[in-house]
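# Structural overview
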Amino acid sequence: MWRSTFSKLFIRNYKPTNFIRIRTDVFDKLLTQNPSEINWELFRNNLLKSNITINSTNVDSIIISKCFNGAYLDIALSYVNFLKSNCLKINDGTISKLIRLYFNRITTDGKEITEKDENEIIKWCNSISKKEEIESTIAESIIHGLSLTREWMRCFEYFEKMKELDKQPSDSTYSCVLVKATKENREDIMWKLLKEMTAKNIIPRMSFFLTWFQHHENDKRKIEEMLEFISENGLLLPEAKIQKIEQALRKVFNVSLVTINRTGKCPSCTHKLPGVKLLPTEFSKLATIFFDTILVNNDEFLKTNPEEIKKFREFVDKTAPYDSVIDGLNVAYSKGDKLSVRQYAKNLSQVVKYFVNNNQKCLVIGRKHMKNWPRNDMAYIRENAFLFLVEDLSHDDLFLIYAALKSGPKTNIFSRDLLRQHSHLLNNKLKQIFRRWQQEHQYQLLTINGSNRIIVKEPILFELRAHKVKSTWHLPFTNENQKLAIQTFNLPTSWLCLKER
Amino acid sequence: MIRLMKCLSQQLRPRTDLIRCYSVEVQNQKETNPEKEKKRKVIELELDIMKQEGRKVPSKLSKGEMEKLLDLNSVSARRKYLAFLFSCEMTHINQKKKKEERMIERQKALEERREKEKDMHIVYGLNRNSIFLKIYETTMNLWHNNKLTRAMQFSQKLVIDCSYDQHMTMQEAENCAKQLCYTFAMNRLHDQPFDLHYCNLDTVNTVSGKKLHNHIPTMFNPDFPLNVHKESFMDLFDKDKLVYLTPHCRNELIEYNHDDIYIVGAMVDKANNEPISLAKAKKHNLRMAKLPLERFLHWGIGGKSLAINQIVEILLDVRAKNDWESALLKHVPRRKLFKENLNQSHKIKGAQDFKTKSKITISKNFFNDNSEDQQGFEDRRQRSFNALNEKHLPPRSKERKHFEKYFNLETWGNQLKKKNNNNDN
């Protein structure tokens, strides 16, 4: 012990050395040069000396991967020529990077591939695919490369190989094959792949949809097929590509770019957007799933206890249906959770009053410690609404959802909680159904003002995904990110209104 | 008492099992499973390509690391683990380098000191002259262990429930094992240790149990002062006395009861936030309590989760001093607290704690008793030094000043002085 404490005296000037990081300024200078003038031998040797993590096995692929930003294919090719002329072995990792670079270059250019490039890519692909065992990243690169060429049907061999390796292909891997299948008019293959992807919960890239719309510019039936696919999966397209899509669809539809506010009226076609329609079987399925699998299944003590479940089931069977179900504590704490008990009770009773004035029958769900709240407020709540108090240590959200779903498709919920943690546990299809139900039925308390009037945020009463009414399509866009997204509760920032010609 | 007798009888017998208790045998299992063999090949190929692509991969893998890789199912998980191993390797290389540098520095300092010794009359300093008898580490160990054996007879019991292995990821389980190890160590060092009981501990099938056994290989020796049970605490103790400490309940533990048996759940929950320990306490119908973290501390941004050893340390201090505030302030990491709102007294307290923790902890009273003597001693030393140098000493760094309270370290050859000499010349 003594020795260790004294040795601390000497470590005073401790400075971690960071000689692992690769310096980027070396490469910045390189990329601006003319590829024929670069002295590769000097550059390579300097790089090998500069850093202990760079060695002869990975130096080639590091140099090529630095060309990715901006797709400097000519520089990479000149380096490969240098390697060939010096009889240095080019390993598989480097070749796979080179194929990716070809792919990046050609897709960013947007031009047709030249025959020379095509032959080169096939040659590189063949050189790394000879071995029996293949690695998953290499298989993905080969798929990317082959999807540009005439031998694109060979991609499916590598999909099979990836299945054997237990690795899921990425969305860009699928999308590049989808794009090629579209261009070659092989719809059977394309739809098969799309089905496979939706089963695995992979969303195709925007490039695929764009090529589909551009390729079938004049074919209205095919465009509608794709719009139906988008609508079924609740996809939102990125706003950055809106103009290109507008141009592609112009030949078949009367396209207009609009923004739709909360009223749900389209300013272009003056139609009102339709509401969310869910089947009654879907409701009962959701309700049972919430209660049996999420609340009870793995450990009923985790979120509640067995007696309580029994009691609540009986209670709901006796008192349902309701017009709305209120999350009592969420409402009470809506002005902050450091107020007096009297204020909480007042908040809740005001909300109940609002529903009573609207002649609605409601259920309030709370916790047992609410019994200690001021008596007259609680008495008012008891008299004018059904009240169910769960144990202090139970989750009240799930009781809220169960009661609302059980009592029928017209029941609303009143809570500020977006219930994300519960919807997260559902499978993909049910999650969408739940989201759509929630979007139309969740009321949120905004504030209670000085004169005890409550201000409520009402739900959006129309579909937030692509849909068709009377031969007119409405297509939503978001500005949230570059990739395709699954619909959220927010209003889409802009819509395309597609009227029939 | 019975246990003590057992220990004594065991110790008097000639020991045969002690010889190999410090090394954990690694079983040499040959891979016969064809599926695993196939996966091993896939992983080796993957490693090759990753090396070629310039990803972060360690230069070599040990057997255990390969075994862990085989357990990971997705490519990204493997990549993350390999990157972690890579960073470990790099720190190892860095440390080695630094160690060599330090060796050279130390050698230089030693030589310098030797030269100085030639001129001087007497050299004082720790490894030259001391009025204290050296206390050996074995003596200290025996004393600490004796404390624990006494605690096992008379002290309050504390249960650690190690049944949460299935709810943790591999990394969390390993962290948990380390924390359990610290828990034992911190309890041992305390003046009034608990009688620790590790319940539900399976050292064969669980990750955390295996790792804990790795950390403490002598855990199952009869004279090792720790109670390890495979059984649940429900079978071992009186149910009315048990109190489960779980952060998810609403009852705060303000009055520390010296008769209760508290249970701490050995779970590291970085990923899942489910109230599993609460469910367990509910199922067994036990009393529940949580530490009064919000009542006594002003928390900053971030989680309020504490390590197992920190909780046990807090309980140890509360039991000894019956003061929640000081115990919490001492053992809750200061980065988790809200800094600006801590009042002045807290600040000073905390600062002192921090200092004493990182530096040597010696009670000041010891020196205050001989303060006059020391003053004289220092004066004499100062005079002899001035006579030697006849120059001003350079301003000292903060760390030095702190040490000067206890020792005068001027005899140790230091670079600053040398530099000063050179400059003046």
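Residues numbered from 1 in each chain as written. Chains lettered and ligands numbered in written order. Predicted model: local features only at pLDDT ≥ 70, side-chain atom pairs only at ≥ 80, totals over all residues. Heavy atoms only, no water.

Time to look at the overall build of chain A. Counting secondary structure elements, chain A contains 23 helices and twelve strands. By the compact-globule yardstick of 23 Å for 501 residues, chain A is too spread out, its C-alpha radius of gyration being 31 Å. Along the first, second and third principal axes, the C-alpha set of chain A runs to 90 × 90 × 45 Å. Buried residues in chain A amount to 49% of all 501 residues. Of the roughly 25,500 Å² of accessible surface on chain A, 48% is carried by carbon and sulfur atoms. In chain A, 76 side chains carry a positive charge and 58 a negative one; their mean positions are 5 Å apart. (Helix = DSSP H or I, 4+ residues; strand = E, 2+ residues; numbered from the N terminus. Rg over C-alpha atoms; globule rule 2.2 N^0.38 Å. Buried < 20%, exposed > 50% of the residue type's maximum accessible area, 1.4 Å probe, protein only. Areas by Shrake-Rupley, 256 points an atom, 1.4 Å probe, with all protein chains shown as cover. Lys, Arg positive; Asp, Glu negative; His and termini not counted. Charge placed at Lys NZ, Arg CZ, Asp CG, Glu CD.)

Residue and element names in this part refer to chain A. Sheet architecture is open: six strands sit in the order β5-β4-β3-β6-β7-β8, paired in mixed fashion. Two strands lie at the open edges of the sheet, namely β5 (386-390) and β8 (454-457), each paired on one side alone. Taking the axes of each pair of neighbouring strands and ignoring which way they run, one obtains an average angle of 25 degrees across the sheet. When strand β3 (residues 324-327) meets strand β4 (residues 362-367), the two strands line up parallel, connected through four bridges. (Pairing = 2+ DSSP bridges. Axes fitted to C-alpha atoms, helices over the stretch in contact; angles between N-to-C directions.)

Mapped onto the elements of the fold, Glu135(A) is located in the loop between α7 (115-128) and α8 (136-146). Here Glu135(A) is buried and forms no salt bridge, its nearest opposite-charge partner Arg79(B) lying at an N-O distance of 5.6 Å. Setting aside anything within four residues of it in sequence, one finds Glu135(A) in contact with Leu165(A), Leu45(B), Glu46(B) and Ile49(B). (Salt bridge = Lys/Arg side-chain N within 4 Å of Asp/Glu carboxyl O. Contact = heavy atoms within 4.5 Å.)

With that settled, consider the domain arrangement of chain A. Domain annotation for chain A reports domain 1 (17-199) and domain 2 (280-457). Taking the mean C-alpha position of each, domain 1 of chain A and domain 2 of chain A sit 54 Å from one another. (Domains from an automatic or database assignment.)

Under the UniProt annotation, "domain: SAM-dependent MTase TRM10-type" (unreviewed entry) lies at residues 144-339 of chain B. Within the segment residues 144-339 of chain B, helix and strand shares are 40% and 12% respectively, and the terminal C-alpha atoms sit 36 Å apart. (UniProt positions renumbered as here; feature names shortened; annotations may be inferred.)

Moving on, we get to the packing of helix α2 (residues 34-53) of chain B against helix α4 (residues 75-119) of chain B. Residues and elements named next belong to chain B. At a minimum axis separation of 12 Å, α2 and α4 run at an interaxial angle of 60 degrees. With respect to their mutual orientation, α2 and α4 come out oblique. When you trace α2 past α4, the crossing you get is right-handed. Side by side, α2 and α4 meet where Lys39, Ile43, Glu46, Leu47 and Met50 of the first sit next to Val75, Arg78, Arg79 and Leu82 of the second. By residue class, the composition of the contact of α2 with α4 is five nonpolar, no polar and four charged. (Parallel < 35°, antiparallel > 145°, perpendicular 65-115°, else oblique. Left-handed = near helix turned anticlockwise from the far one by under 90°. Nonpolar A, V, L, I, M, F, W, Y, C, P; charged D, E, K, R; others polar.)

The next thing to look at is helix α9 (residues 276-284) of chain B. Helical geometry: 3.6 residues make up each α-helical turn, so side chains three or four residues apart lie on a common side. For α9(B), a buried count of seven out of nine residues is recorded, marking the element as mostly surrounded by other parts of the structure. For α9(B), every residue scored as buried is listed here: Ile276(B), Ser277(B), Leu278(B), Ala279(B), Lys280(B), Ala281(B) and Lys282(B). On its buried side, α9(B) packs onto α16 (300-303) of chain A together with β1 (157-161), β4 (242-245) and β6 (287-289) of chain B. Positive backbone phi, at 60 degrees, marks Asn285(B), one or two positions downstream of α9(B).

By size, the foremost hydrophobic cluster in this structure holds 83 residues, and its most contacted members are Trp40(A), Phe208(A), Phe209(A), Phe213(A), Met226(A) and Ile245(A). Those residues within four positions of Phe208(A) in sequence are excluded, and the remaining contacts are Leu178(A), Val179(A), Thr182(A), Met190(A), Leu194(A) and Met226(A). Core analysis: the next-biggest nonpolar cluster, separate from the first, contains 65 residues, Leu201(B), Leu212(B), Leu306(B) and Ile308(B) among them. (Core = buried A, V, L, I, M, F, W, Y, C linked by side-chain atoms within 4.5 Å.)

Despite not being glycine, Ser471(A) shows a phi value in the positive range, around 60 degrees. Note on placement: Ser471(A) falls in the loop between β9 (467-469) and β10 (472-478). Relative accessible area serves as the criterion here: at 29%, Ser471(A) is assigned to the partly exposed category. Look at Asn285(B): it is not a glycine, yet its phi comes out positive at around 60 degrees. Topologically, Asn285(B) is positioned in the loop between α9 and β6.

This part takes up the packing of α2(B) against helix α3 (residues 63-71) of chain B. All names here are of chain B. Here α2 crosses α3 at 105 degrees, and the two axes come no closer than 10 Å. As far as their axial angle goes, α3 and α2 are roughly perpendicular. On the side of α2, the interface is formed by Lys36, Lys39, Arg40, Ile43 and Glu44, while α3 contributes Met66, Glu67, Leu69, Leu70 and Asp71. Residue composition of the contact of α2 with α3, grouped by class: four nonpolar, no polar and six charged.

Residue and element names in this part refer to chain A. Looking at the secondary structure, you find serine 129 in the loop between α7 and α8. One polar contact links the side chain of serine 129 to the main-chain carbonyl oxygen of cysteine 125, over a distance of 2.9 Å. A polar side-chain atom of serine 129 sits 3.4 Å from a polar atom in the side chain of tyrosine 158. Residues contacting serine 129, with those up to four places away along its chain left out, are Ile134, Ile142, Arg154 and Tyr158. (Polar contact = N/O pair within 3.5 Å; in protein donor to acceptor, adjacent residues only side chain to side chain.)

With that settled, the discussion passes to the confidence of the model for chain A. Do not read the predicted coordinates in detail wherever pLDDT is low. Model confidence for chain A is summarised by a mean pLDDT of 83, while 93% of its residues fall at 70 or above. Confidence drops under a pLDDT of 50 for residues 1-19 of chain A, and excluding neighbours within four residues, the segment shows 23 contacts in the predicted structure. (pLDDT = per-residue confidence, 0-100.)

Let us now look at helix α11 (residues 308-321) of chain B. Residue and element names in this part refer to chain B. When the terminal C-alpha atoms of α11 are compared, their 20 Å separation across 14 residues agrees well with the 20 Å that a helix rising 1.5 Å per residue should span. The element α11 is largely enclosed, with a buried count of twelve among its 14 residues. Residues Ile308, Asn309, Gln310, Ile311, Val312, Glu313, Ile314, Leu315, Leu316, Asp317, Val318 and Arg319 constitute the buried set of α11. Structurally, α11 contributes buried residues whose contacts are with β1, α6 (170-189), β4, β5 (261-265) and α12 (324-331). A positive phi of about 55 degrees marks asparagine 322, the residue just after α11. (Expected span 1.5 Å × (residues − 1).)

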